[in-house]
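# Chain and residue survey
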Amino acid sequence: MKKWFIGLPAVILMAGSLLAGGTELSAKFDKGLKFSSKDKAFELKVGGRLQSDWTFFSADDDIEAKTGKLEDGHEFRRARLYIAGTLYGNIEFKAQYDFAGGDADFKDVYLGLKNVVGHAGLRIGHFKEPFGLEELTSSKYLTFLERAMPIEAFAPSRNVGFALLKNDNRFSWGFGIFKDADDYGIPSDNVSESVWAYTGRIAGTVYYRDEGRSLLHLGLAYTSREPAGDSLRIRARPEMHLMPSRLVDTHAMDADGYDGIGTEIALVQGPFSVQGEYMMASADLIDGGSVDFTGYYVFASYFFTGESRHYKKGAFDRVSPSQNFTPGGGAGAWEVALRYSGIDLTDGPISGGEEDNLTLALNWYLNPNVRFMWNYVTADVTDVGNVDAFMMRFQIDF
């Protein structure tokens, strides 16, 4: 791990030198460190995020019998660094690594060609499959500390593959072929076995007014997958990352096919917003028949300092306070939110369990780069019991 931090400044300087190719670059800090040529043909951005999380549990005895004793604790939920940029106006790249686990896990590590088909670009490498509004919203900009249970269970997230992607504020679409990969971008199966996944999404705003302070977003996504080794497992945590085990879990199923559907809706009206997704997954069992699982969430948020959630290219983006926090001066931005989510992983011979979560959130945006978050989560696992958690996050990103 130390080698990565020692080598990072050299990598940044080398990337800047290669990027320039003799072209003069100007530097500025605009919510992150950016370098660009006068004609914008060469651009470089260096950034990262640090999320320091604290969690305090309270659980029924039956929950702890299932998970083991729950210990209050702290973790660095994410500790990421990245370099991204554009070469010669039409080549994009990004290399992002997460050090939170004590090593350098791959996150977004890809290169791309811009405007290959119309205004759509071709992306190659390790990146998020086009599926799910909350999944495609960066962890830096989430309204809650953790994504809702159905996202963890059904959204495929990052894998290795190829995709055509077009994103703007009015209409976005993407389609790609992928292979499930581990934390280092290595496919979980032998590439020669040709076990591929096919994922696509279309999304956009039915209306978009006042630079996004008033909008209605709709989206639809689909994925078709063949599990490597004919083994499939679907599970989710109760939106508490320090929970040592999942409370709903199908365990390994003998399945040779898997299809997932996701629907999205989000409404923003000034400081008020509502967002929800419904997801359904169907697995074809090798022994015959199929099983269907479902999940959903809905949440509402309100900025009582007047800001709005910022929508950008088919997902939500950074919130900038009207006034940054300063002692004796501006208050920053304050947001309150409430989310309800549910998941059902029981069908036919599979008894994965059912769970409902309720989360109350308070967010303080001190400035565009610093945010403090507080969540109270209560989870009800059918026929098992309840677990509650009070969580805090102190975040800086650039």
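Residues numbered from 1 in each chain as written. Predicted model: local features only at pLDDT ≥ 70, side-chain atom pairs only at ≥ 80, totals over all residues. Heavy atoms only, no water.

## Thoughts on the confidence of the model for the chain
The predicted structure's coordinates, where accompanied by low pLDDT, should not be read in detail. Mean pLDDT over the chain stands at 92; residues scoring 70 or higher make up 93%. Note that residues 1-7 has pLDDT below 50 and, in this model, seven contacts with residues that lie over four places away or in other chains. (pLDDT = per-residue confidence, 0-100. Contact = heavy atoms within 4.5 Å.)

## What about the nonpolar core?
By size, the foremost hydrophobic cluster in this structure holds 29 residues, and its most contacted members are Phe154, Ile234, Phe293 and Ile343. Here Ile343 is in contact with Met149, Pro150, Ala153, Phe154, Ala236, Val248, Thr294, Gly295, Gly353, Glu354 and Glu355, once residues within four sequence places are set aside. Among the nonpolar cores identified, the runner-up in size contains 14 residues, and Leu145, Leu247, Met373 and Ala389 belong to it. (Core = buried A, V, L, I, M, F, W, Y, C linked by side-chain atoms within 4.5 Å. Buried < 20%, exposed > 50% of the residue type's maximum accessible area, 1.4 Å probe, protein only.)

## Notes on the pattern of salt bridges
Across all of its chains, the model carries 22 salt bridges by this definition. Between Arg123 and Glu92 there is a salt bridge whose closest N-O contact spans 3.4 Å. Placement of Arg123 in strand E7 (residues 120-128) and of Glu92 in strand E5 (residues 91-98) is noted, with a sequence separation of 31 residues between them. Close ionic contact of Arg339 with Glu134 constitutes a salt bridge, the shortest N to O distance being 3.5 Å. Here the residue Arg339 occupies a position in strand E20 (residues 333-347), and Glu134 occupies one in helix H3 (residues 133-136), the gap between them amounting to 205 residues. You can call Arg339 buried: its relative accessible area is 1%. One connected set of salt bridges, linked through shared partners, spans Asp53, Arg77, Glu146 and Arg393. (Salt bridge = Lys/Arg side-chain N within 4 Å of Asp/Glu carboxyl O. Helix = DSSP H or I, 4+ residues; strand = E, 2+ residues; numbered from the N terminus.)

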